[in-house]
Amino acid sequence: MNKKIAALAVAAAVAFVVSLGADEFTKKDQERWEKEYQSVVQKGRGLFTSGALGTNGVACAQCHPNAANTHPETYPKFQKQLGRVIALREMINWCLQQPLEGKPLALDAPDMIALEAYILHERRGVKLEPGKH
Amino acid sequence: MNPFQPNRRDFLRSAAAAAAAGIAPMSLVKLAFADPALDFSFGYISDAHIQHISGTKFVRNWDRGLIRAVAETNMLTPKPDFVVFGGDLGQLGMKQELDHGAEMLSKLRGKLYCVMGEHDYYLDLGEYWSKLFGPHYYSFDHKGVHFVVLNSILTFDDWTFNRWPSAEQRMLEMAGLDNPNGSPFMVGDKQRAWLKADLDKIDKSTPLVVFSHSPLQKLYKGWNFWTDDADEVQALLAPFAKVNVIYGHVHQIQYNQIGNISFNAVMATAWPWPYPNTYAQAEHTMPVLTVPMNRADPFFERDATGWQFIDVQTGRVKLEYNLYNNTNRTVAWNPASGKPEDRAFQDPAKRIPPQVHY
């Protein structure tokens, strides 16, 4: 009897561990993650094409159709005009403040993550070249 | 070496004076013929995108571009015979924008010819623009050259008339360059019939200069660097010995040769656009002939906007691009190769790193 209970307990423990296994995920999980990601990319495109992000009605996409000419694969890099190595997010904030005449976003703001997700999504497949000018 | 050096020097001297006075993007077009009495020049300003914010406020950056272009055009020596505005005066076709832009253009001395851009058109289908600037398409003759101005930014009737619940939304949908809800530009059956009738009256040895807003060639459909009936329009131009198409819309240096037709794009006064080959997710065709302009430095507000000084010698154009914060460029018809070519950079060995776009 005790043996039986112990065996059941072991089996349950194994099953529990397996259900938490880091490498175990299903197609359904993948679909969910893709959906979550795409929703942020779409939010990013919404912001990128919106005249409401800054104060003067200018949208990021006015100069960067499909987020082109943003070369996210080259960041972090030495931004010669600022004289230091910066992340893409800092350049996004530069654009928000200058051409869009708006306020910078916190570097971990959900809108910032969404903008970055959209920019990188439009650039998918391009090899990483940090530091490239 | 350069037969137009004296003119260019005069011109650049005035440009320098204009720049010193805190002003300067447009295009000067000079047509030079064997008989110097027939030589003439004209200025070309394009893509100002004057953008209304609210009340009396407009986007300062774009205002400055047009103000500078107009001021510099007025300082040109020799004085151009006329000036062309190449379309997209406003951003969303609003009366406020067209009025504000027209007010700036009214400072130009001399005759102004205007080309319709999609940003001028899709709010009220060009009605207010027409009140200010006249017909949507027309032709005229000047000192032995036949000029044609086309409205090349029309599209399918169904898209224009049936698809959108409001004129404002229609304008917004067409204003987004990369908007998948947009629609391809075209000259259309009616205007092509007019063009055919117009050209039937012209001797085929007469040099032809065509102004359009969109390229009249098929480059990249995703951003409407494209005219859907370009092949049909080109066929109408084909019987002429010398044809030059000058277009705006693309906000960048482009040039191409298709048969007898030379294509040249002009700079915007507002902002530059990336070359379509820098968009990683799309198929596209760009003229292999084009040596790209330098990548824009966003920290210089007027960088990669500019103006052109254009000669037409024996009916072919030569564009002198004056580029702020960048080395000037010359793209000219090369009789030896039968194509427009950059005078300094066409040889692949002569190209410089900033011309690499990615």
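Higher on the page you've got the structure.
Residues numbered from 1 in each chain as written. Chains lettered and ligands numbered in written order. Predicted model: local features only at pLDDT ≥ 70, side-chain atom pairs only at ≥ 80, totals over all residues.

Enquirer: Hey, could you run me through the overall build of chain B in this one?
Expert: If you tally the helices and strands in chain B, you get 9 helices and 16 strands. Looking at chain B as a whole, 50% of its 358 residues are labelled buried. (Helix = DSSP H or I, 4+ residues; strand = E, 2+ residues; numbered from the N terminus. Buried ≥ 20, exposed ≤ 12 C-beta atoms within 10 Å, placed from the backbone.)

Enquirer: So what exactly am I meant to see when it comes to the overall build of chain A here?
Expert: Secondary structure summary: chain A contains 5 helices and 2 strands in total. What you see in chain A, going N to C, is helices and strands ordered as α-α-α-β-β-α-α. When each of the 133 residues of chain A is scored for burial, the buried share is 27%. Here the analysis covers contacts within chain A between residues at least 6 apart in sequence; of these, 61% occur between residues at least 24 apart. (Contact = placed C-beta atoms within 7 Å.)

Enquirer: Could you clarify how one ought to interpret the interface of chain B and chain A in this entry?
Expert: Interface size is commonly expressed as the accessible area that is lost once the parts come together. The partner chain A presents 18 residues to the 17 residues of chain B that form the contact. Each residue belonging to the side of chain B that touches chain A can be placed in one class, and the counts come to 11 nonpolar, 5 polar and 1 charged. (Nonpolar A, V, L, I, M, F, W, Y, C, P; charged D, E, K, R; others polar.)

Enquirer: I would appreciate a short explanation of the nonpolar core in the present structure.
Expert: Across soluble globular proteins, nonpolar side chains have a tendency to be buried as a group. In this structure, Phe85, Val210 and Val245 of chain B are the most contacted members of the largest nonpolar core, which totals 108 residues. Sequence-distant contacts of Val210 of chain B, that is, excluding residues within four places in its chain, are made with Val148, Leu150, Leu237, Val243 and Val245 of chain B. (Core = buried A, V, L, I, M, F, W, Y, C linked by C-beta atoms within 7 Å.)

Enquirer: Explanation requested: the packing of helix H8 (residues 189-200) of chain B against helix H9 (residues 230-237) of chain B in the structure shown.
Expert: Angle between the axes and distance between the axes are the two parameters that describe a pair of packed helices. All names here are of chain B. The N-to-C vectors of H8 and H9 enclose an angle of 10°; their axes lie 10 Å apart at closest approach. For the element pair H8 / H9, the angle class is roughly parallel. Contacts from Arg192, Leu195, Lys196 and Leu199 of H8 reach H9 at Glu232, Val233 and Leu236. Partitioned by chemical class, the residues of the contact of H8 with H9 number 4 nonpolar, no polar and 3 charged. (Axes fitted to C-alpha atoms, helices over the stretch in contact; angles between N-to-C directions. Parallel < 35°, antiparallel > 145°, perpendicular 65-115°, else oblique.)

Enquirer: How do you make sense of helix H2 (residues 60-74) of chain B when you look at a structure like this?
Expert: One turn of the α-helix equals 3.6 residues, which is why residues spaced by three or four share an orientation. The terminal C-alpha atoms of H2 of chain B lie 21 Å apart, and with 15 residues this matches the ideal 21 Å at 1.5 Å per residue to within 8%. Of all the residues in H2 of chain B, the buried ones are Trp62, Gly65, Leu66, Arg68, Ala69, Val70, Glu72 and Thr73 of chain B. (Expected span 1.5 Å × (residues − 1).)

Enquirer: Can you walk me through the packing of helix H4 (residues 88-97) of chain A against helix H5 (residues 110-122) of chain A in this structure?
Expert: Residue and element names in this part refer to chain A. Contact geometry of H4 with H5 gives a least axis separation of 11 Å together with a crossing angle of 105°. Between H4 and H5, the angle is such that the two are roughly perpendicular. Here Leu88, Arg89 and Ile92 of H4 come into contact with H5, specifically with Met112, Leu115 and Glu116. For the contact of H4 with H5, the class distribution of residues is 4 nonpolar, no polar and 2 charged.

Enquirer: Explanation requested: the pairing of strand E9 (residues 208-212) of chain B in the structure shown.
Expert: Successive residues of a regular strand alternate their side chains across the two faces of the sheet. Residues and elements named next belong to chain B. Burial analysis of E9 places 5 of its 5 residues in the buried class, the great majority of the element. Every second residue of E9 is oriented toward a common face, with Leu208, Val210 and Ser212 on one face and Val209 and Phe211 on the other, all of them buried. By the bridge criterion, 4 bridges tie strand E8 (residues 145-149) to E9 in an arrangement that is parallel. Looking at the pairing, His146 lines up with Leu208 of E9. Direction of pairing for E9 relative to strand E10 (residues 243-247): parallel, over a ladder of 5 bridges. Residue pairing across strands places Val210 opposite Val245, the latter belonging to E10. Handedness of the E9-H9-E10 crossover: right-handed. (Pairing = 2+ DSSP bridges. Right-handed = clockwise from strand over helix to strand, strands pointing away.)

Enquirer: Would you mind showing me how to read the sheet that holds E8 of chain B here?
Expert: Across a sheet, paired strands are connected by hydrogen bonds in the backbone, their directions being either parallel or antiparallel. All names here are of chain B. An order of E7-E8-E9-E10-E12-E11 is seen for the 6 strands of this open sheet, with the pairing classed as mixed. On the outer flanks of this sheet lie strand E7 (138-142) and strand E11 (255-258), each paired with one strand and no other. Going across the sheet, the axis of each strand differs from the next one's by a mean of 20°, ignoring polarity.

Enquirer: So what exactly am I meant to see when it comes to the environment of His49 of chain B here?
Expert: Residues and elements named next belong to chain B. Note on placement: His49 falls in the loop between strand E2 (40-45) and strand E3 (52-54). When the 27 C-beta atoms within 10 Å are taken as the criterion, His49 is described as buried. Linking His49 and Asp63, residues 14 residues apart in sequence, is a C-alpha distance of 8.4 Å. Discounting chain neighbours no more than four positions away, the residues touching His49 are Trp62, Asp88, Gln91, His119 and Ala270.

Enquirer: Please clarify how the pairing of E10 of chain B should be interpreted in this entry.
Expert: Residues and elements named next belong to chain B. Within E10, 5 of the 5 residues are buried, which leaves it mostly tucked inside the rest of the structure. Where burial is concerned, the two faces of E10 agree: the one with Val243, Val245 and Tyr247 and the one with Asn244 and Ile246 are both buried. Bridging between E10 and strand E12 (residues 261-265) involves 5 bridges; their strand directions are parallel. What sits directly across from Ile246, in E12, is Asn264.

Enquirer: Sorry if this is basic, but what is going on with unusual backbone geometry here?
Expert: Trans is the common state for peptide bonds, and a negative phi is the common state for residues other than glycine. Residue and element names in this part refer to chain A. Here the amide bond leading from Tyr75 into Pro76 is cis, since omega sits at -5°, within 30 degrees of zero. Relative to the elements of secondary structure, Pro76 occurs in the loop between helix H3 (60-63) and strand E1 (77-79). If you check the backbone angles, Asn66 has positive phi at about 55° while not being a glycine. Along the chain, Asn66 falls in the loop between H3 and E1.

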